[in-house]
Structures are given as structure tokens and as C-alpha cells.
Amino acid sequence: MSERILVTGGAGFIGSHLVDALLRKGHSVRIYDNLEPQVHGESQNVPDYFNKEAELIKGDVRDRKRLKKAIYNIDVVFHLAASVGVAQSMYEIARYTESNTMGGATLLDLIANEKNNIKKIVVASSMSVYGEGAYNCDNCGKVYPKIRSLEQFKKNDWEMKCPNCNIDVMPIPTNEDKPLFPTSIYAVSKRDHEEMFLIIGRAYQIPTVALRFFNVYGPRQALSNPYTGVAAIFSSRIINNNPPIIFEDGNQARDFIHVSDIVQACILAMEKSEGDYQVFNIGTGRKLSVFDIANVLMDKLFFKGESRVVNRFREGDIRHCYADISLAQEVLGYKPKIKFEDGIIDLVNWVKLQHAEDKVNSAIDILDKKGLTK
Ligand code: NAD
Ligand code: UD1
């Protein structure tokens, strides 16, 4: 059945791929996006990949009057609009909270108080809501360490310790039952997103699903945004002939998921009522280190030098987290299709055709000046 779908943040990286897929499936799509300068450039032009079959309403999710127009006659809402930089959220505290928490609240306030036909909501959450992932301690079994100490950083000792017996612990897949302990303002705002959307969805009986995306990579990442994800930042550094800058020792691990698998999960969440009112991890179940990412990108983009390991901690970061995806597999029938080795080629082929401004040094300078790198 053809639905009328609103995608907030639909001009961005993930949103634009979702919009393309929804249009291919015969839905009609409206995008609500403020074309944020940090993502789309100071001129705030519609990106070249923008799908002309979609309708665009340019506006901020905090602008209630404008957003009201966007929900008119809509059946399904995907809420993706957000400011996304973990490190930047540690000093642009009000902006992140306003854009993410208040932006989400404004949308929900409209849904609760204005006449509408919305019958399904999917909200983009994030693995960052967990803070650290789950770990195994040889003495104590499964543990959930929270944060590392300053003394530890001073000794360049990066690994997590058991909260009970203090020995080094090993990361294991994180499932949805892990208690949430966000370590950045961004992560708090994503926890707000999922909790607020699920609460209002339940109260008004609008089936709502929150998807905890892990680290997404692929074409259309905002290469000139120094606060975007690490794969895009490293790509931008390399095509400008600069070495990737690696925080900590480079062995910190994440679960890197190709954007097409995120799109697959979004569509399953929309179509399958079995997932209603639940939260799902959307990753691949495989962990890769930041080093792995730097090395593969330097190799595929023919970079002649070496990455620069700075042995410093960036406030807001966690050490390791990768997904246990069994719940999404069982309930939604989700199955990641793109192996990292293939997906990264897709990113690289796109990157080779791009120009990017490398603003990473000035972004790190700001963090240094504010004492946000240790
Ligand atoms: P992106 O920056 O490429 O896209 C976000 C889009 O939202 C942009 O087009 C931007 O202009 C728009 N936007 C930002 N603030 C807005 C506002 N106040 N009003 C209206 N529009 C606004 O980011 P992305 O990577 O595509 O992220 C999309 C969503 O997925 C976000 O909610 C993010 O938190 C979530 N997420 C992303 C990742 C990832 O690794 N990229 C992982 C987990 C969760
Ligand atoms: C990323 C996303 C976040 C999303 C989360 C879900 C961005 C900016 N962040 O956060 O929106 O919710 O995934 O999994 O898209 N690093 C370097 N050098 C750099 C940049 C980063 O070493 O130049 C390191 C960081 O210190 C960190 C790791 O790479 O250890 C990952 O950082 P980042 O890409 O910012 O991702 P997350 O914090 O995991």
C-alpha cells in the first residue's frame, strides 16, 4: 500500500538514502529539513543527490508553525533530524539539546495536539545511549563498566576495567537490556528521543519504533563536517593528503554498518507491526577498530603516509561497543547484507569523486582549548 511519508532530516546522509528507497517502493515522500550549514555548507543548497520526486519543506524541527505544515496528511513519520556530533555536543550543549530534545518534543507536541492521520512513527536512536558497551570479566562474568578515570588516561591505559575487581575486561556484544549510561550531551538527547517518542506513541496508541543505529558509513556522509563519523572524517583527511588523526591508541572498537542496511531496518520497522513500541539495535554484530578503518581507507585511497596516533582521550567518547542484533533479527526479520569489505569500497568509490574541506585541525583545536581532550 502506498503511504504518505514524512522524513525529518531527509536531506541528510541516512535520510536521503531512506527517501530514495521509500520512493522506489511507490510511497510519496515529504522531507522536512533545515539544510543545516554544518552539514550542507554555508550556502545551504539542496544537495546534488536530492531526489526530485520528493517534496521538500525547508524548516527547523523547533519551528512549530512550519512543522505543522509538514505533518499535514501524513501517514508515517521517520524522525531523523538531529545534530550528530558527539564531541561537539560537549561544548554546544544548548544547541544540541534544543535541536534534538526540543526538536523531537515539538514534533510530538504537534502529534498530540493537532489533528493528524499519523499511524506509525520510527525514530532514529543511537548506540551512544548505552555509553560503554557490555564486557566480560574473567573473574566476574558479564559487567557494565561506566567510565574510565583521568589517572588511567595519564598512563595511556585505555582499556576498560571491571567495576568489581578492576582487571581489564573484554568487549562482548551489547543487547537492548544493557542499562543506559550516556556519556555525551548528544547521547543524552538521543535517549530523550527514544524515550519521548515511545512514551507518546504508547499514550496515543500510535505504533512507534526506536532504532538504535550503530556507526553508519556510506556515500553522502558530510565529508566537510569535522564532527561527522570517523570513516567520513578519515576520508576527508586522506583526500586532502593529510593523515587520519587517531584518538586513544586506535584499538577502540565500533560496529560499522553500511547505510543500505540501516535503510532496510527502517523499512522493516515501518512495515512490521511485530516491532511496535519496541527498541532495536541496528548494527552488524561485528567489531572493527578505528585503526582498521584508518588502514583500509589509507590503502584504498592510495595514501602514502601513516596515521597519527595522538594517545589522547576525546571527552564524550566510549571505548568499545558493538551490537547484539538477535532481537531485530527475530522480531523484524532484519539481516545485514553488506559486508564491511564491500561496503567500504562503495564509500571509497564515492569519496574519490568528491571535494572536501578538511576542517579537522581547527575542530580539534577547539576541543583542546576547552580542555575536552585529555
Ligand atoms: P546528517 O547530519 O547527515 O543528517 C541530519 C539531517 O538533519 C541534515 O540534513 C540536517 O540538515 C538536518 N537537521 C539537523 N538539525 C535539524 C533541525 N533542527 N531541524 C531540521 N533539520 C535538521 O546525519 P545522519 O548521519 O544522516 O543522521 C541521521 C539520524 O541518525 C540522526 O538522528 C542521528 O542521530 C542518527 N544516527 C546516526 C548515526 C550515524 O552513524 N550517522 C548513528 C546513530 C544514529
Ligand atoms: C557515531 C555517530 C553518532 C552515532 C553513533 C552511533 C557521528 C559524528 N557520530 O558516534 O551520531 O549516534 O556513532 O554509533 O556520526 N575518532 C578518531 N579520529 C577522528 C574522529 C574520531 O580517532 O578524527 C575516534 C573517536 O575518538 C571514537 C571513534 O573514532 O573513538 C568513533 O568516533 P565517531 O565516528 O565520532 O563515532 P561515535 O562517537 O561512535
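In this text the structure is predicted, and so the values were computed from the model without any measurement.

(A) Highlighting the packing of aromatic side chains. Enumeration according to the criterion identifies five aromatic pairs in this entry. When the centroid spacing of 4.2 Å and the interplanar angle of 15 degrees are considered together, the rings of Phe153 and Phe313 count as stacked. A residue pair is termed long-range when its members are at least 10 positions apart, and Phe153 in helix α5 (residues 150–154) and Phe313 in the loop between β16 (308–309) and α10 (326–332) qualify at 160 residues. Overall, Phe153 belongs to the buried group, its relative accessible area being 6%. Taken together, a centroid distance of 5.5 Å and an interplanar angle of 65 degrees make the contact between Tyr217 and Phe340 edge-to-face. Highlighted residues: Tyr217 in strand β10 (residues 215–217) and Phe340 in helix α11 (residues 340–351), separated in sequence by 123 residues. A relative accessible area of 9% places Phe340 in the buried class. Connected via pairs of aromatic rings, a cluster forms that spans Phe153, Trp158 and Phe313.

(B) Quick look at the packing of helix α1 (residues 13–24) against helix α8 (residues 259–271). It is the contact of α1 with α8, at a shortest axis distance of 9 Å, that shows an interaxial angle of 60 degrees. Judged by the angle between their axes, α1 and α8 are oblique. Helix-helix and strand crossings are classified by hand; for α1 and α8 the assignment is right-handed. Contact residues: Phe13, Ile14, His17, Leu18, Ala21 and Leu22 in α1; Val259, Ile262, Val263, Cys266, Ile267 and Met270 in α8. Looking at the contact of α1 with α8, its residues break down into eleven nonpolar, one polar and no charged.

(C) Region of the structure containing the nonpolar core. Leu18, Leu22, Phe78, Leu211, Phe213, Ile282 and Tyr334 are the most contacted members of the largest nonpolar core, which totals 44 residues. Looking at this core, the element that brings in the most residues is α8, giving nine residues. Ignoring sequence-local partners within four residues, the contact set of Leu22 consists of Ile5, Val7, His27, Val29, Phe78, Ile267 and Met270. Residues Ala231, Ala232, Ile245 and Val351 belong to the second largest nonpolar core, which totals 29 residues.

(D) Molecular detail of the sheet that holds strand β6 (residues 134–137). The strand order across the open sheet formed by three strands is β7-β6-β8, and the pairing between neighbours is antiparallel. Unpaired on one side and paired on the other, β7 (141–143) and β8 (170–172) mark the two borders of the sheet. Strand after strand, the sheet turns through a mean of 45 degrees between neighbouring axes, direction not considered.

(E) Quick peek at the site of ligand 1. Every one of the 29 residues lining ligand 1 counts as a neighbour, but Asp33, His40, Leu80, Tyr186 and Lys190 are closest to it. A distance of 2.6 Å separates an oxygen atom of ligand 1 from a polar side-chain atom of Asp33. Within the side chain of Ser99, one N or O atom sits 3.1 Å away from a nitrogen atom of ligand 1. Contact with the protein chains hides 94% of the accessible area of ligand 1, taken as 820 Å² for the molecule alone. When contributions to the shell around ligand 1 are tallied by element, the ones reaching two or more residues are α1, α2 (37–40), β5 (120–126), α6 (185–203) and β10. For the shell around ligand 1, the leading source of residues is β5, giving three residues. Here the residues of the shell around ligand 1 sort into 15 nonpolar, nine polar and five charged.

(F) Structural detail: the domain arrangement of the protein. Split into domains, the protein comes out as domain 1 (4–133 + 174–369) and domain 2 (134–173). Placing a centre on the C-alpha atoms of domain 1 and another on those of domain 2 gives a separation of 27 Å. Taken together, the contact pairs 21 residues of domain 1 with 16 residues of domain 2. Of the roughly 1600 Å² buried where domain 1 meets domain 2, counting both sides, 61% is carbon and sulfur surface. Between domain 1 and domain 2 we count two salt bridges in total. In this structure, Arg148 engages Glu248 in a salt bridge whose closest nitrogen and oxygen atoms are separated by 2.9 Å.

(G) Geometry of the packing of helix α9 (residues 290–300) against α11. Two elements in contact, α9 and α11, have axes whose closest approach is 11 Å; the angle formed by their N-to-C orientations is 50 degrees. Considered as vectors, α9 and α11 are oriented oblique to each other. Between α9 and α11 the crossing geometry is right-handed. Here Ile293, Val296, Leu297 and Lys300 of α9 come into contact with α11, specifically with Phe340, Ile344, Ile345, Leu347 and Val348. Class assignment for the residues of the contact of α9 with α11 results in eight nonpolar, no polar and one charged.

Here is what the cut-offs are and how they apply
- Residues numbered from 1 in each chain as written.
- Chains lettered and ligands numbered in written order.
- Predicted model: local features only at pLDDT ≥ 70, side-chain atom pairs only at ≥ 80, totals over all residues.
- Heavy atoms only, no water.
- Phe/Tyr/Trp six-rings, centres within 6.5 Å; stacked < 30°, edge-to-face > 60°.
- Helix = DSSP H or I, 4+ residues; strand = E, 2+ residues; numbered from the N terminus.
- Buried < 20%, exposed > 50% of the residue type's maximum accessible area, 1.4 Å probe, protein only.
- Axes fitted to C-alpha atoms, helices over the stretch in contact; angles between N-to-C directions.
- Parallel < 35°, antiparallel > 145°, perpendicular 65-115°, else oblique.
- Left-handed = near helix turned anticlockwise from the far one by under 90°.
- Contact = heavy atoms within 4.5 Å.
- Nonpolar A, V, L, I, M, F, W, Y, C, P; charged D, E, K, R; others polar.
- Core = buried A, V, L, I, M, F, W, Y, C linked by side-chain atoms within 4.5 Å.
- Pairing = 2+ DSSP bridges.
- Near = heavy atom within 4 Å.
- Polar contact = N/O pair within 3.5 Å; in protein donor to acceptor, adjacent residues only side chain to side chain.
- Areas by Shrake-Rupley, 256 points an atom, 1.4 Å probe, with all protein chains shown as cover.
- Domains from an automatic or database assignment.
- Buried area = accessible area lost by both parts, 1.4 Å probe.
- Salt bridge = Lys/Arg side-chain N within 4 Å of Asp/Glu carboxyl O.

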